[in-house]
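Secondary and tertiary structure notes
Listed below, chain by chain, are the residues.
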Amino acid sequence: MSSSSSSSAAGSAAQSSSSGGAGAKRTYVKLISAEGHEFFLDKEVAMIATTISAMLTGNFSESKGEIRFPEISTKVLEKVVQYLHYKQKYTNSSQPIPEFDIDPEMVADLLMAANFLNC
Amino acid sequence: MSMYVRVKRQDQTVFLRAEASDTFRTVKVALGDILSLVLDDIKLYGKDKETVLEDEGTLGGFEIGNDDVIFWGQRMDGSTFEPASGN
């Protein structure tokens, strides 16, 4: 019943992927930007990025649920995380898909990050 | 799960999965779970960084929607909490 106290760990093992609000137990992982900003997000969403998925399921320290990205700035990493949620929400969706806004100044860096993360 | 809110404090951002009907108490519990904190040590602030979000309120009730940013402060001592920080 009690879970590990480290911030990168999951809650209990059981998790529902599509129901419940903030109360449903989910696993969160931590992504850290170049400047050290920590982003916590639903592991299911993080895994949409193939690179992250590989890092989290390997035998490296990343599989503890925490990954550092020294080459990705905070602004860009935040945008990537927003994009992963957007992708999860609208993949295979029949509803009209809204545009995903990107600041033109960020495009080059975002493209490199997306390429690296494979998402 | 329909949405997420970004809960910020200093150099941390939690992309918290939630529903519009979730109470702020539920949000605090989930946040506490992720950050290894007790819900009593968490104070939630609205988008303006000033409005205190009390336990019984809901995200929807305060018009906090998908991808919106709210803030949280940690209890410092006694009844004093940090103000909202980060962006």
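Residues numbered from 1 in each chain as written. Chains lettered and ligands numbered in written order. Predicted model: local features only at pLDDT ≥ 70, side-chain atom pairs only at ≥ 80, totals over all residues. Heavy atoms only, no water.

Below, the discussion takes up unusual backbone geometry. Residues and elements named next belong to chain B. The residue Lys-49 is not glycine, and still its phi comes out positive at about 70 degrees. Mapping Lys-49 onto the fold places it in the loop between strand 3 (42–45) and strand 4 (52–53). A positive phi is found at Glu-63, a non-glycine position, where the angle reads about 55 degrees. Within the secondary structure, Glu-63 is located in the loop between strand 4 and strand 5 (69–77). Assessed through its relative accessible area of 65%, Glu-63 is described here as exposed. (Helix = DSSP H or I, 4+ residues; strand = E, 2+ residues; numbered from the N terminus. Buried < 20%, exposed > 50% of the residue type's maximum accessible area, 1.4 Å probe, protein only.)

A separate point is the confidence of the model for chain A. All names here are of chain A. Per-residue confidence for chain A averages 83 on the pLDDT scale, and 79% of its residues sit at or above 70. Model confidence for chain A, summarised as mean pLDDT per element, is weakest for helix 2 (residues 50–57) at 90 and strongest for strand 2 (residues 38–42) at 98. Taken together, the stretch residues 1–18 has pLDDT below 50 and engages in 28 contacts with residues farther than four places along the chain or on a different chain. (pLDDT = per-residue confidence, 0-100. Contact = heavy atoms within 4.5 Å.)

Look at helix 3 (residues 74–90) of chain A: 24 Å from first C-alpha to last across 17 residues, which is about the 24 Å you get at 1.5 Å a residue. With 12 of its 17 residues buried, helix 3 of chain A lies for the most part within the structure. Regarding helix 3 of chain A, the residues found buried are Thr-74, Val-76, Leu-77, Glu-78, Lys-79, Val-80, Val-81, Gln-82, Leu-84, His-85, Tyr-86 and Tyr-90 of chain A. Among the structural elements, strand 1 (28–32), strand 2, helix 1 (43–46) and helix 4 (107–117) of chain A together with strand 1 (3–9) and strand 2 (12–18) of chain B are those in contact with the buried residues of helix 3 of chain A. (Expected span 1.5 Å × (residues − 1).)

On to the nonpolar core, then. Across soluble globular proteins, you tend to see nonpolar side chains buried next to one another. Residues Leu-31, Leu-41, Ile-52 and Phe-69 of chain A are the most contacted members of the largest nonpolar core, which totals 23 residues. Elements supplying a minimum of two residues to this core: strand 1, strand 2, helix 1, helix 2, helix 3 and helix 4 of chain A. With five residues, the single largest contributor to this core is helix 3 of chain A. Every residue in contact with Leu-41 of chain A, bar those within four places of it in the chain, is listed here: Thr-27, Tyr-28, Val-29, Leu-31, Ala-46, Val-81 and His-85 of chain A together with Phe-15 of chain B. Counting 22 residues, the second largest nonpolar core, distinct from the first, contains Val-7, Phe-24, Leu-59 and Ile-64 of chain B. (Core = buried A, V, L, I, M, F, W, Y, C linked by side-chain atoms within 4.5 Å.)

In this assembly, 25 residues from chain B lie in contact with 27 residues from chain A. For the pairing of chain B and chain A, the buried interface totals around 2000 Å² over both sides, and the portion due to carbon and sulfur atoms is 48%. Counting the contacts that link chain B with chain A gives four salt bridges. A salt bridge links Asp-33 of chain B to Lys-25 of chain A; the shortest N-O distance between them is 2.4 Å. At the surface where chain B touches chain A, the tally comes to 14 residue pairs in polar contact (both at pLDDT 80 or more). If one sorts the elements of the side of chain B that touches chain A by residue count, strand 2 of chain B sits on top with seven residues. Where strand 2 of chain A and strand 2 of chain B come together, three bridges link them in parallel fashion. Paired with Phe-39 of chain A across the bridge in strand 2 of chain B is Thr-13 of chain B. (Buried area = accessible area lost by both parts, 1.4 Å probe. Salt bridge = Lys/Arg side-chain N within 4 Å of Asp/Glu carboxyl O. Polar contact = N/O pair within 3.5 Å; in protein donor to acceptor, adjacent residues only side chain to side chain. Pairing = 2+ DSSP bridges.)

Turning to the packing of helix 3 of chain A against helix 4 of chain A, a few remarks are in order. Axis angle and axis distance: for two packed helices, these are the angle between their axes and the distance between the axes, and together they describe the pair. Residues and elements named next belong to chain A. Contact geometry for helix 3 and helix 4: axes closest at 10 Å, N-to-C directions at 60 degrees. Accordingly, the angle class assigned to the pair helix 3 and helix 4 is oblique. Handedness of the helix 3/helix 4 crossing: right-handed. Along its contact with helix 3, which presents Val-76, Lys-79 and Val-80, the element helix 4 presents Asp-109, Leu-110, Ala-113 and Leu-117. Along the lines of polarity and charge, the residues of the contact of helix 3 with helix 4 split into five nonpolar, no polar and two charged. (Axes fitted to C-alpha atoms, helices over the stretch in contact; angles between N-to-C directions. Parallel < 35°, antiparallel > 145°, perpendicular 65-115°, else oblique. Left-handed = near helix turned anticlockwise from the far one by under 90°. Nonpolar A, V, L, I, M, F, W, Y, C, P; charged D, E, K, R; others polar.)

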